[in-house]
Amino acid sequence: MSRRYIPRALEPVLRRAARQFPAMVLTGPRQAGKTTLLKHVFGRDCAYVSLEPPDVRASALADPRGFLEMSPPPVIFDEVQYAPDLLPYIKERIDERRDAHGQYFLTGSQNLLLTEGITESLAGRTAMVRLLPLSRREERGRLLDPLPWESPAKRVGVRGIARIDLWKGWLRGGYPELAAEPDRDISLWHSSYIQTYLERDVRSLRQVGDLTSFQSFLRALASRSGQLLNLTDVARDLGIAVNTCKAWMSVLEATFQVIVLRPYHANVGNASSRRRKYTSLTPERCATWRV
């Protein structure tokens, strides 16, 4: 039985980007719905190729020009971070038909690897779009309706049951699979997500030697949800170096588990001298802290 499709607010942005750029890269955390979204919006007109299977990946790396010949545009290349060497050849194909828009649609779950490859190969030729898990509007299926706290007429029900529902929603998370299957055990799903994330993404980045300590680092961040966080305190509690915490933070950011939020200042010069604020988007919780 196929899951129901949940409309995403990003759909018009993707269509507009396809009309204006030869290529588009859709990034975001694993299980955020990138592949489903691209197939829904462009699936009727585009072929689909996943670069995650080892044999497909080997074919793309062994003969990139032949691989692209077998997959002419428009085409969706899923998980392109597994074959970053393919990007220069995609650039070559784009330059042959630079005025043709909507040729290649790429997805990836690792911001660091993708950014490096795109900066070197596809700069100026691709639109970068980021997809996060479901927003409150998307989950409710009302993209244009105001949220309860945005409309004075709907604030009556916010105190009480609505507030409990908000907390339950935050703890459950906004991943489409959980929204499409309300009966799923969220504890089991979240623990499986973390384990898969550790095995697939963290190992591939090769910046984490001790996965057990890294998992403890994840728990330490989640336990400080909604609090101010000092990485020096976290390092002391876990018995690791502060520089290790900073390196692991960069891994979390590269895999979209953490998003850096910098403060707004009318004077741009003040922003660089102030402390930075971070928000963690781990599957279980959201945490805000200052370092």
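1. Observations regarding the pattern of salt bridges
Item 1. In the structure shown here, the tally under the stated rule is 12 salt bridges.
Item 2. We note a salt bridge from Arg 15 to Glu 11, for which the minimum N-O separation is 3.9 Å. Within this pair, Arg 15 and its partner Glu 11 are both found in helix 1 (residues 11–20), separated by 4 residues, close to a single helical turn.
Item 3. Arg 93 is the salt-bridge partner of Glu 96, the closest N and O atoms lying 4.0 Å from each other. Linking Glu 96 with Arg 93, this pair stays in helix 5 (residues 87–96), spanning 3 residues, or about one helical turn.
Item 4. For Glu 96, a relative accessible area of 57% gives the class exposed.

2. Describing the packing of aromatic side chains
Aromatic rings considered in pairs are described by the distance between their centres and by the relative angle of their planes.
Item 1. By the definition in use, this model includes 9 aromatic pairs.
Item 2. The interplanar angle of 50° and the centroid separation of 5.1 Å between the aromatic rings of Tyr 175 and Tyr 193 together place this pair among those described as tilted. Linking Tyr 175 in the loop between helix 8 (158–172) and helix 9 (176–180) with Tyr 193 in helix 10 (residues 186–205), this pair joins segments that are 18 residues apart in sequence.
Item 3. Given a relative accessible area of 4%, Tyr 175 falls into the buried group.
Item 4. Judged by its relative accessible area of 7%, Tyr 193 is buried.
Item 5. With 5.6 Å between their ring centres and 65° between their planes, Phe 217 and Trp 248 make a pair best called edge-to-face. With Phe 217 in helix 11 (residues 211–223) and Trp 248 in helix 13 (residues 242–254), this residue pair connects regions lying 31 residues apart in the sequence. Neither Phe 217 nor Trp 248 differs from the other in exposure class; each is buried.

3. Brief notes about the confidence of the model for the chain
Item 1. Chain-level pLDDT for the chain is 78 on average; 76% of the residues reach the 70-or-more range.
Item 2. The model gives residues 153–160 a pLDDT under 50, and that stretch makes 7 contacts with residues more than four places away or in other chains.
Item 3. Here residues 272–291 is modelled with pLDDT under 50, and outside its nearest four sequence neighbours on either side it reaches 77 contacts, counting other chains as well.

4. Observations concerning the nonpolar core
Generally speaking, soluble globular proteins have nonpolar side chains that are buried together.
Item 1. Grouped together as the largest cluster of nonpolar side chains are 26 residues, with contacts concentrated most on Tyr 197, Val 202, Phe 214, Phe 217 and Leu 252.
Item 2. Of all elements in the fold, only helix 10, helix 11, helix 12 (231–238) and helix 13 reach the threshold of two or more residues within this core.
Item 3. Not counting the four nearest positions on each side in its chain, Tyr 197 is found in contact with Val 202, Phe 214, Leu 218, Val 251, Leu 252, Thr 255 and Gln 257.
Item 4. With 19 residues, the next largest nonpolar core counts Val 25, Val 75, Leu 106 and Ile 118 among its residues.

5. Overview of helix 13
Item 1. Over its 13 residues, helix 13 extends 19 Å from the first C-alpha to the last, a length consistent with the 18 Å expected when each residue adds 1.5 Å.
Item 2. Of all the positions in helix 13, only Cys 245, Trp 248, Met 249, Val 251, Leu 252 and Ala 254 are classed as buried.
Item 3. Directly after helix 13, the chain includes Phe 256, whose backbone phi takes a positive value near 65°.

6. Side note on the pairing of strand 4 (residues 104–108)
Item 1. Counting buried positions along strand 4 gives 5 out of 5 residues, so the element sits mostly inside the fold.
Item 2. Residues Tyr 104, Leu 106 and Gly 108 of strand 4 are buried on one face, and the alternating residues Phe 105 and Thr 107, pointing to the opposite face, are buried as well.
Item 3. Where strand 3 (residues 75–78) and strand 4 come together, 3 bridges link them in parallel fashion. Looking at strand 4, one finds that Ile 76 is bridged to Phe 105.
Item 4. Taken together, strand 3, helix 5 and strand 4 form a β-α-β motif whose crossover is right-handed.

7. Some words on the sheet that holds strand 5 (residues 126–130)
Item 1. The strand order across the open sheet built from 5 strands is 2-3-4-1-5, with neighbouring strands paired in parallel fashion. Unpaired on one side and paired on the other, strand 2 (47–50) and strand 5 mark the two borders of the sheet. Each strand axis lies, on average, 15° off the axis of its neighbour in the sheet, ignoring direction.
Item 2. Across the sheet, helix 2 (residues 34–42) touches strand 1 (23–27), strand 2, strand 3 and strand 4, and the angle it forms with strand 1 is around 145°.
Item 3. Along the sheet, helix 5 contacts strand 1, strand 3 and strand 4; its crossing angle with strand 4, the most-contacted strand, is approximately 160°.

What counts, and where the lines are drawn
Residues numbered from 1 in each chain as written. Predicted model: local features only at pLDDT ≥ 70, side-chain atom pairs only at ≥ 80, totals over all residues. Heavy atoms only, no water. Salt bridge = Lys/Arg side-chain N within 4 Å of Asp/Glu carboxyl O. Helix = DSSP H or I, 4+ residues; strand = E, 2+ residues; numbered from the N terminus. Buried < 20%, exposed > 50% of the residue type's maximum accessible area, 1.4 Å probe, protein only. Phe/Tyr/Trp six-rings, centres within 6.5 Å; stacked < 30°, edge-to-face > 60°. pLDDT = per-residue confidence, 0-100. Contact = heavy atoms within 4.5 Å. Core = buried A, V, L, I, M, F, W, Y, C linked by side-chain atoms within 4.5 Å. Expected span 1.5 Å × (residues − 1). Pairing = 2+ DSSP bridges. Right-handed = clockwise from strand over helix to strand, strands pointing away. Axes fitted to C-alpha atoms, helices over the stretch in contact; angles between N-to-C directions.

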